[in-house]
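Descriptive structure summary
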Amino acid sequence: MAGPGGADGAGDAGDVLSGGSERRCRARLAAGGAGGAAAAAAVLVPLCSVRGRPALLFTLRSRRLAGPHSGDVSFPGGRRDPADGDAVATALRETREELGVAVAATSVWGQLRTLPDRHGMTVAPVVANLGPLEALTLNPNPDEVEEVFTLPLAHLLREENQGYTHFRTASGYGYTLPVFLNGPHKVWGLTAIITELTLELLLPGRYRRKTRVPPRKATA
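Given the structure is predicted, the values throughout are model-derived calculations rather than measurements.

Calculation criteria
Per chain, residue numbering runs from 1 following the sequence as it is written. Predicted model: local features are reported for residues with pLDDT of at least 70 only, side-chain atom pairs are reported and counted for 80 or more only, and whole-chain, interface and lining totals are derived from all residues. Hydrogens are left out, water is left out, and the side-chain values use all remaining heavy atoms of the structure. The helix count covers DSSP runs of H or I at least four residues long, the strand count covers runs of E at least two residues long, and both are numbered beginning at the N terminus. A simple rule labels every residue: compare its accessible area, found with a 1.4 Å probe on the protein chains alone, to the largest value its type can have, and call it buried under 20%, exposed over 50%, or partly exposed in between. A contact between two residues is defined here by any heavy atoms of the two lying within 4.5 Å. Accessible surface is estimated by sampling points in the Shrake-Rupley manner with a 1.4 Å probe; for residues, cover comes only from the protein chains shown. Only centres within 6.5 Å qualify two rings of Phe, Tyr or Trp (six-membered ring in Trp) as a pair; their planes then separate them into stacked at under 30 degrees, edge-to-face at over 60, and tilted for everything else. Think of a salt bridge as a Lys or Arg side-chain nitrogen and an Asp or Glu carboxyl oxygen that are within 4 Å of each other.

Within the protein chain, the secondary structure is distributed over four helices and ten strands. Starting at the N terminus, the α and β elements of the protein chain follow one another as α-β-β-β-β-α-β-β-β-β-α-β-β-α. For the protein chain, buried positions account for 49% of its 220 residues. A sequence separation of at least 24 residues applies to 67% of the contacts in the protein chain between residues at least 6 apart. Surface accessibility of the protein chain: about 10,500 Å² in total, with carbon and sulfur atoms responsible for 52%.

This is the structure we're talking about:
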């Protein structure tokens with residue numbers, strides 16, 4: 001499994017997976033009321049630790065996949081199935097299908113706000129703690145996942161690993177989206193937005209979002 005090497009001087013963010021941090025994050029996610037209307041898709045935001053260092057787990061989607069997300073850096077997830085009870089069920093099912101890991105519902109901390117992807121589909125990010133990665137046996141489905149890699153939170157917190165892409169519209173400046181650099185793969189698009197929101201949740205005193213989250217779409 002790939003991951004950036006070397007020591008990170010931004011601090012190890014070592015307490016973010018502690019019981020106290022988990023309780024705070026669960027309370028904040030519950031207060032956010034992100035459930036709302038059912039999203040069309042869901043992803044799991046997999047917190048984990050690698051050699052004792054807190055990290056996020058990402059996947060590189062297989063180029064065998066048809067459609068616009070082939071070859072993208074992503075979190076495990078996909079479209080909601082009619083049999084899924086909610087976004088959590090979708091995220092856990094997709095993670096099991098993609099990575100061969102059965103994540104317990106008790107490991108789920110809650111749901112971040114629903115976001116639109118670049119095609120307008122609503123996606124619900126579900127935050128869960130997988131625990132020490134060394135204790136897991138990952139069995140990625142090669143038809144869906146080309147690679148699995150992790151980025152330590154300390155790496156994501158370093159300013160030299162944070163970039164931004166500015167987009168213009170016909171009337172001038174449009175919006176800015178985050179990019180995370182200097183890992184095995186560039187993290188961009190919706191995955192970068194969710195990564196930024198996750199850092200803001202985990203480390204509100206040390207990470208401040210510098211971009212504007214795409215607005216919620218009105219529901220009928």
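Now, onward.
Throughout the structure, instances matching the rule amount to two aromatic pairs. Each ring, one from Phe 58 and one from Phe 75, has its centre 4.9 Å from the other, and the planes form 25°; the classification is stacked. Taken together, the residues span a long stretch of sequence, with Phe 58 in strand β2 (residues 53-61) and Phe 75 in the loop between β3 (73-74) and β4 (77-79) at a distance of 17 residues. By relative accessible area, which is 0% here, Phe 58 ends up buried. Overall, the relative accessible area of 3% leaves Phe 75 in the buried class. Taking 5.4 Å as the distance between ring centres and 15° as the angle between the ring planes, the aromatic pair formed by Phe 58 and Phe 149 counts as stacked.

Next up on the list: the pattern of salt bridges. Should the charged atoms of two oppositely charged side chains come close, the side chains can pair. The final tally for this structure, using the stated rule, is seven salt bridges. Residues Arg 61 and Glu 98 are paired through a salt bridge, measuring 4.0 Å at the closest nitrogen-oxygen approach. On the criterion of sequence distance, the pair formed by Arg 61 in strand β2 and Glu 98 in helix α2 (residues 87-99) is long-range, its members being 37 residues apart. Relative accessible area serves as the criterion here: at 16%, Arg 61 is assigned to the buried category. Residue class for Glu 98 comes out buried when judged on its relative accessible area of 1%. Where Arg 93 meets Asp 84, a salt bridge forms, and the shortest distance between an N and an O atom there is 2.9 Å. Several salt bridges converge on common partners, so that one network encompasses Asp 84, Arg 93, Glu 94 and Glu 97.

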